[in-house]
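Inside the fold
Letter by letter, the chains look like this.
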Amino acid sequence: ASLHILKVEIGGDAQSTDGTEPSHMHYENDENYFRGYEWWLMKEAKKRNPKIKLIGLPWAFPGWIGKGENWPYDYPDITAYYIVSWILGAKQYHDLDIDYIGIWNERAFSSKYIKLLRYTLDKHGLEQVRIIASDRLWEPISFVMMIDSELHGVVDVIGAHYPGTKTVPNAVLTGKKLWSSEDYSTFNNDVGAGCWARILNQNYVNGNMTSTIAWNLVASYYEELPFGRCGLMTAQEPWSGHYKVESPIWITAHTTQFTQPGWSYLQVDGHLEGGGSFVALTDGLGNLTIIIETMSHNHSKCIRPPLPNFSVMPQRATFYLGGSFYMVETLQVWHSRLDFESGNSSLFQQLRPVNVWRGRFSLDLNVDEVYTLTTLKTGRKCGFPEPPPPQPFPSNYKDDFNIRNPPFSEAPNFADQTGVFEYFVNASDPGDHVFTLRQVVVQRPITWVSDADQTISVIGNFKWVNMTVTCDIYIEKPRDGGVFIAGRVDNGGIYVRRTKGVFFWVFADGTYRVTGDLAGQKVLMKGLAGVRDNAWHTLTLNIQGNSASGLLNGYLLWENVTISNPGNGWAALGTRSFELAQFDNFHVE
């Protein structure tokens, strides 16, 4: 894929589409630069391409930043300190140089904060870190930059999301680099590949954008979460090792293998007469790369925005090379054809070089094709070993969290949807529960979407119907603390608040509940359990057909609760509120 840019989330302990990512500062007096997977991912990217550009952007922030308000700009010095700490931690602990920093994903910006961020970066010797704003729409950021010269001076790149290949006059007038700083987000079949081919070219041709960033890199999250398989490739079975190199990867290669950051787009009208587009780029040292796409309307629809009708037909295109390119004699050719009839797409194949005669050459273009013509001879279509076959999630799965030096801060396969669940070492425990899983977010974050009021992490196979979930639980919050285990959990991601399922709750006040929803509104059964805080108890939830029962410490506590819906879903665990709690010896069958 030869990617030029990797953009990562600066975790904010809150839901950011398909789960929560941990912050480097859960609390005001807390700093840890080894949480989550983004540090690992950036280092892996740098191993493959040391020159890859790195971008950090927050979706959410820990609650302490807003001192109780759901807003990150009331104390801009604190927010700037928090973001700069992340950049400094990347360098100090991982030797990673962050190239660009964003403001707040798809939410409001504050001019005062952006200026203070620049000041804080410079004060810490981070002059080379550039600022992107505002990762939303072209306006109002472009207009405000036009009337505020100080803001204009500190914003280096205007980044818009899902611009539909178009920009606006004010953005062009700023004279700044224009980027589609989030785009694609489309199911990664051949239509997704067509979408990606079209916008990679037309974001420049129609909108003067010199960068396009795909959300997301790789679909490594449960497919039934929102925007399942909207990655450039798919690797959503860590338990089997199965993965699939999808067609958008090879579409990417048409651009990324034959250009680099620092190359310049030639200012040509890139619209083809018969429909489709082309771009031409140079390194300024005599190399030339031309990328042509002829994607038809129905085979290149992205998830958003709606795509106006257009037509593409087979055509013969003649290109004229002038100036220093007049001397070019041959161009290497790479070709892809998306085949929607038979499904036998041809992806990123090297064809015979094209001869250029007196600065001109012609090409017969069909519909739904991509061509790269280049002076570079470095293109490679890499093979890869046959991945292991796909397997469903294990139908009998245990985790005792007994790992002394875990490679990551979070347990595998658990997908946190509100709150953050981390490996924890109980130094004072007599021995049974030294290594546990602990929910650590104790205050509602500055959210990006409507996180639940409860914390929850899901795991397993969404298609599961009958299941037994067992887990040892430890309530840390006296009086109104509480925890749950659950089955047939039907939702997550941005929809986590509306999650339904079968939830078995126990509370520090000695009561229990069975509810049909995470919010706890639909009570199916309640009573006394005798559970107390700061003691270990074992919960078991059994769901068979349309009936459920629950055990406490191996003894039946409730039974014959009728379950109408949902009919299937994940297993889960979580807490009643943003509170500390521990889990151990998780088992689902």
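Treat the numbers as computed from the prediction; the structure is a model and nothing was measured.

1. Some details on the UniProt feature "active site" (unreviewed entry) in the chain
As recorded in UniProt, the sites labelled "active site" (unreviewed entry) are Glu106 and Glu182. Annotated residues spanning 77 residues; largest pairwise C-alpha distance 9.8 Å, indicating a single compact cluster. Tracing the backbone shows Glu106 in the loop between strand E3 (100–101) and helix H3 (111–123). What Glu106 contacts, discounting residues up to four positions off in sequence, is Ser134, Asp135, Arg136, His161, Tyr162, Glu182 and Trp448.

2. Notes on the UniProt feature "domain: Glycosyl hydrolase family 59 C-terminal lectin" (unreviewed entry) in the chain
Mapped onto the present numbering, the UniProt feature "domain: Glycosyl hydrolase family 59 C-terminal lectin" (unreviewed entry) falls on residues 416–589. The span residues 416–589 carries 0% helix and 53% strand; its end-to-end C-alpha distance comes to 20 Å.

3. Quick look at the sheet that holds strand E16 (residues 346–355)
If you walk across this open sheet you meet the six strands as E11-E12-E13-E18-E15-E16, and the pairing is antiparallel. A strand with exactly one partner marks an edge of an open sheet, and here the two such strands are strand E11 (264–265) and E16. Both strand E13 (residues 288–293) and strand E18 (residues 369–374) contribute to a ladder of five bridges, which runs antiparallel. Looking across to E18, one finds that Glu293 is bridged to Val370. Against the sheet, helix H7 (residues 190–205) engages E11, strand E12 (277–282), E13 and E18, with an angle of about 70° to E12. Helix-sheet contacts for helix H8 (residues 247–256) involve E13, strand E15 (330–337), E16 and E18, and the interaxial angle to E16 is about 25°.

4. Digging into the sheet that holds strand E20 (residues 415–418)
Spatial ordering of the open sheet is given by E20-E23-E32-E25-E26-E27-E28, a layout of seven strands whose pairing is antiparallel. For this open sheet the edge positions go to E20 and strand E28 (523–528), each flanked by a neighbour on one side alone. Each adjacent strand pair in this sheet contributes to an overall mean axis angle of 20°, direction not counted. Two elements, E20 and strand E23 (residues 455–459), share three bridges in a ladder whose sense is antiparallel. By the bridge assignment for E23, Thr418 is matched with Ile456.

Definitions and limits used
- Residues numbered from 1 in each chain as written.
- Predicted model: local features only at pLDDT ≥ 70, side-chain atom pairs only at ≥ 80, totals over all residues.
- Heavy atoms only, no water.
- UniProt positions renumbered as here; feature names shortened; annotations may be inferred.
- Helix = DSSP H or I, 4+ residues; strand = E, 2+ residues; numbered from the N terminus.
- Contact = heavy atoms within 4.5 Å.
- Pairing = 2+ DSSP bridges.
- Axes fitted to C-alpha atoms, helices over the stretch in contact; angles between N-to-C directions.

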